[in-house]
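If you want the building blocks of each chain, they are given just below.
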Amino acid sequence: PLAMGAGFGAGLGLALASSAFIGGSFVLKKKGLLRLCGRARAGQGGHAYLREWLWWAGLLCMGVGEAANFAAYAFAPATLVTPLGALSVLVSAVLSSIFLNEQLNVHGKIGCILSILGSTVMVIHAPQEEEVSSLESMAEKLKDPGFIVFAVCVLVSSLLLIFVAGPRYGQSNVLVYVLVCSAIGSLSVSCVKGLGIALKELFSGKPVLKEPLGWVLLVCLVICISIQINYLNKALDIFNTSVVTPIYYVLFTTAVMTCSAILFKEWQHLVLDNIIGSISGFLTIVSGIFLLHAFRDMPFTSSFLPLFLQPARADPHPPWSSADRHQSCQHQPLLPSEDKGSQSAEEEEEK
């Protein structure tokens, strides 16, 4: 139990470090791109950013974050590691508001708080028992009929989305390409976890390189990631980022949690309150990500608040002015002046 707790703590620490590095990498690369000062920008096909050390620092942070995320799957359950990836969005939003002067409105701040609360709840209630600790046990899990049925359903549905739904609805419905990325992504996370276990065994001195399963997982991972990148870029090219990002996070995390529950049996030893806590934490993170992205470009000022919450301000036309005191509503004409003029004209015509 002590070794299991240490492994869980290591996976949790690596997942949090991964979110911090990946979130900071976006800010560093953006800062490097903004320093080009009239030189050929990346959006115009230029490569002047390759001479900016800030851009390279951001790329290095991205590599360190992805490596930490890769290693986290070898120590902690995928049900915990994958949802914590939302914290990279939070880190990026907060650092962008500080160093890039980007807007972080009230909705974004509430979204950040919700993401932190949801992540905390998931950490408390996440499964801490590792069901797969070697490639032999991984091979046994892959032969499970439940996972085989799940993998076949994922592949068939992805092929239908790519070749049937894509040409018809891909340009108008954001779910088509995002569903492809999410479904294939659940298989890629399983490959990453298997490779992480293989590397852990390799460092412990076991002859992992002679095992064909490790190479099969590596080839499957390359194929899955290539498909993910291709169709995620298509979705981002067609639809707004603020729409694609939260939908992709929700569908991808849901697919990974489902695959982990079927393949690794991570939810097998959880009691009911931990299952409810994990689902509640995940839904809280989803709400935070939605608020952070959906209303990112919406200005929110005090005028949107209810009247009793707005700050006191001088009213140029107070309701109890001197004119209102001398003239009550009983002295107001029943008809406007134009209506009165038209009425008198009609009377003259009748006469």
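Residues numbered from 1 in each chain as written. Predicted model: local features only at pLDDT ≥ 70, side-chain atom pairs only at ≥ 80, totals over all residues. Heavy atoms only, no water.

- As annotated in an unreviewed UniProt entry, the protein chain carries the name NIPA2 protein and is attributed to Loxia curvirostra.
- Entered under Sequence similarities (unreviewed entry) in the UniProt record, the comment concerning the protein chain runs "Belongs to the NIPA family."
- If you open the UniProt record of the protein chain and go to Subcellular location (unreviewed entry), you find "Membrane". (UniProt positions renumbered as here; feature names shortened; annotations may be inferred.)

### Observations regarding the confidence of the model for the protein chain
At step 1: Per-residue confidence for the protein chain averages 78 on the pLDDT scale, and 78% of its residues sit at or above 70.
At step 2: Ranking the elements of the protein chain by mean pLDDT puts helix 12 (residues 322-326) last, at 46, and helix 7 (residues 145-169) first, at 92.
At step 3: Contacts for the low-pLDDT stretch residues 320-335, under 50 throughout, to residues beyond four places or in other chains number 5 contacts. (pLDDT = per-residue confidence, 0-100. Helix = DSSP H or I, 4+ residues; strand = E, 2+ residues; numbered from the N terminus. Contact = heavy atoms within 4.5 Å.)

### Examining the environment of L159
At step 1: Following the sequence through the fold, L159 ends up in helix 7.
At step 2: Sequence spacing of L159 and V180 is 21 residues, and the spatial spacing of their C-alpha atoms is 8.5 Å.

### With respect to the side chain of S88
At step 1: By the element assignment, S88 lies in helix 4 (residues 86-99).
At step 2: Reaching out from S88, the side chain makes a polar contact with the backbone oxygen of G85 at a distance of 2.7 Å. (Polar contact = N/O pair within 3.5 Å; in protein donor to acceptor, adjacent residues only side chain to side chain.)

### A closer look at helix 5 (residues 106-125)
Think of an α-helix as 3.6 residues a turn; residues three or four steps apart then line up on the same face.
At step 1: Along its 20 residues, helix 5 runs 29 Å from first to last C-alpha, staying within 8% of the 28 Å computed at 1.5 Å per residue.
At step 2: Here helix 5 has its buried residues at H107, G108, G111, C112, S115, G118, S119, M122 and H125. (Expected span 1.5 Å × (residues − 1). Buried < 20%, exposed > 50% of the residue type's maximum accessible area, 1.4 Å probe, protein only.)

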